[in-house]
Amino acid sequence: MSTILPTPHAKSRRLPPYQALFAVDAKDFTGLPALQHGPVSRLIPELVDQALERADLQELRDSKRFPANTGDGVVFGFDPALLPFVLWPFLGVLDETLGAYNRQSVGPRIRLRASVHVGPLPDAGLPGDGNGTARNDTHRLLDSRPVKAILAAASEEITHLVAIISQRVYEDAVLGAYTGLHPDRCVEVPATVEGKTFAQRAWLYVPSPSGNLLDAGVRPREEFAERTDASADPDRDPVAGPHTHYSGNTQRVGEGAAVMGNIGGDFTYTGPSTSYRGTNQHWGSGDNVAGDKRTGESGGVR
């Protein structure tokens, strides 16, 4: 029996239900010996499930929609009502779970990129469920330049996870204040993928920053919590944080991304052939993180 493809715009149809999406993949998976591919492929979903349980998200763990093992990671849909809890505390707990594993393991380190998105996708118990633009965009976000660049630049001893959050999720869950993840902890980036016609506004979240990320003002979760508990500034901008202004530095980066300023609004990644005039930064292309908010000097992680 042949499958009949629907004709776009021929008539109106009901939208599929909105699905939240979570995906991870492992850094440098293809560089592992072939002997380790199978065990690591099985290990990643185990670590994700451990983190879901530790974050009190057993409900999500047991009700994943159209889950799939991608070889170097996993992807699954879930109830969008749980998005706030996936952003916080789950992402931080997953980072901690990976760190605990990496510290005791004699095998390869498991460091992950994660993406979180939401959109209409079919889920009717049929073959092909979970496929659509929202699913494609989830994987494009996962493969985008900024999330790869930041994970590559960070210390493998400290930073085990870098997450990228779609604009739609950020607006609904973060700016809507439904999640414990504060906007000041998120960094706006242009998500582009090399060789793909994909470009979206997105937001990075690094639960455990390290190296140049710390120099640039990205704070660990614990330090950030102490700062926000102690601050009660009525003039505080809801996104940029209290009185965060940054100007005067000039940085030229031939290839890569630059990290300057603090997490509130001046930690900046720009893609190829773009110019950001506010701090006189000029970019080329590639994956590089540089900069110190206090001096304006290039840090140079290449």
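Residues numbered from 1 in each chain as written. Predicted model: local features only at pLDDT ≥ 70, side-chain atom pairs only at ≥ 80, totals over all residues. Heavy atoms only, no water.

### A word on the overall build of the protein
When helices and strands are tallied, the protein shows eight helices and 10 strands. A total of 302 residues make up the protein; the buried ones form 48% of that total. Restricting to contacts in the protein with at least 6 residues of sequence separation, those with at least 24 account for 71%. When the accessible surface of the protein is totalled, it reaches about 14,700 Å², and 50% of it is carbon and sulfur. (Helix = DSSP H or I, 4+ residues; strand = E, 2+ residues; numbered from the N terminus. Buried < 20%, exposed > 50% of the residue type's maximum accessible area, 1.4 Å probe, protein only. Contact = heavy atoms within 4.5 Å. Areas by Shrake-Rupley, 256 points an atom, 1.4 Å probe, with all protein chains shown as cover.)

### Let's talk about the sheet that holds strand 4 (residues 112-120)
If you walk across this open sheet you meet the seven strands as 2-3-1-4-5-7-6, and the pairing is mixed. The sheet is open, and its two borders are formed by strand 2 (65-69) and strand 6 (187-192), each paired with just one other strand. In this sheet, neighbouring strand axes are inclined to one another by 20° on average, regardless of whether the strands run parallel or antiparallel. The pairing of strand 5 (residues 161-166) with strand 7 (residues 199-205) spans four bridges and is classified as antiparallel. Its bridge partner lying in strand 7, Ile 164 is registered against Leu 204. Contacts from helix 3 (residues 83-104) reach strand 1 (18-26), strand 3 (73-78), strand 4, strand 5 and strand 7, with the element oriented near 165° to strand 4. (Pairing = 2+ DSSP bridges. Axes fitted to C-alpha atoms, helices over the stretch in contact; angles between N-to-C directions.)

### Here we look at the nonpolar core
Judged by nonpolar contacts, the single largest core of 45 residues is most densely connected at Phe 22, Val 48 and Phe 90. Counting only elements with at least two residues in this core, the list comes to strand 1, helix 1 (34-54), strand 3, helix 3, strand 4, strand 5, helix 6 (167-175) and strand 7. Apart from residues lying up to four places away in sequence, Val 48 is in contact with Phe 22, Val 24, Val 74, Phe 76, Phe 90 and Leu 94. If you look at the next biggest cluster of nonpolar residues, it comprises 16 residues, including Leu 151, Ala 154, Ile 164 and Val 193. (Core = buried A, V, L, I, M, F, W, Y, C linked by side-chain atoms within 4.5 Å.)

### Digging into the packing of aromatic side chains
Where two aromatic rings form a pair, the distance of their centres and the angle of their planes describe that pair. Counted by the stated rule, this structure contains five aromatic pairs. Measuring from centroid to centroid gives 5.6 Å for Phe 22 and Phe 76, while their planes differ by 40°, and the two rings are tilted. Of the two residues, Phe 22 is situated in strand 1 and Phe 76 in strand 3; the sequence distance between them amounts to 54 residues. On the accessibility criterion, Phe 22 (1% relative accessible area) is buried. (Phe/Tyr/Trp six-rings, centres within 6.5 Å; stacked < 30°, edge-to-face > 60°.)

### What about helix 3?
For helix 3, spanning 22 residues, the distance from its first C-alpha to its last is 31 Å, which sits close to the expected 32 Å at 1.5 Å a residue. The sharpest bend along helix 3 comes to roughly 40°, located at Phe 90. (Expected span 1.5 Å × (residues − 1). Bend = angle between axes of the 7 residues up to and from the residue.)

### Here's the deal with the pattern of salt bridges
Pairing between side chains of opposite charge can happen when the charged atoms of each approach one another. Counted by the stated rule, this structure contains 10 salt bridges. As a salt-bridge pair, Asp 62 and Arg 61 come within 2.9 Å of each other at their nearest N and O atoms. On the accessibility criterion, Arg 61 (24% relative accessible area) is partly exposed. When the shortest N-O distance is used, the salt bridge between Arg 113 and Asp 143 registers 3.8 Å. Highlighted residues: Arg 113 in strand 4 and Asp 143 in the loop between helix 4 (133-142) and helix 5 (145-153), separated in sequence by 30 residues. For Asp 143, a relative accessible area of 28% puts it in the partly exposed group. One salt-bridge network, in which partners are shared between bridges, spans Asp 25, Arg 113 and Asp 143. (Salt bridge = Lys/Arg side-chain N within 4 Å of Asp/Glu carboxyl O.)

### Some details on the confidence of the model for the protein
For the protein, the mean per-residue pLDDT works out to 79, and 70% of the residues sit at or above 70. Note on residues 231-302: pLDDT under 50 across the span, and 179 contacts to partners over four residues away in sequence or across chains. (pLDDT = per-residue confidence, 0-100.)

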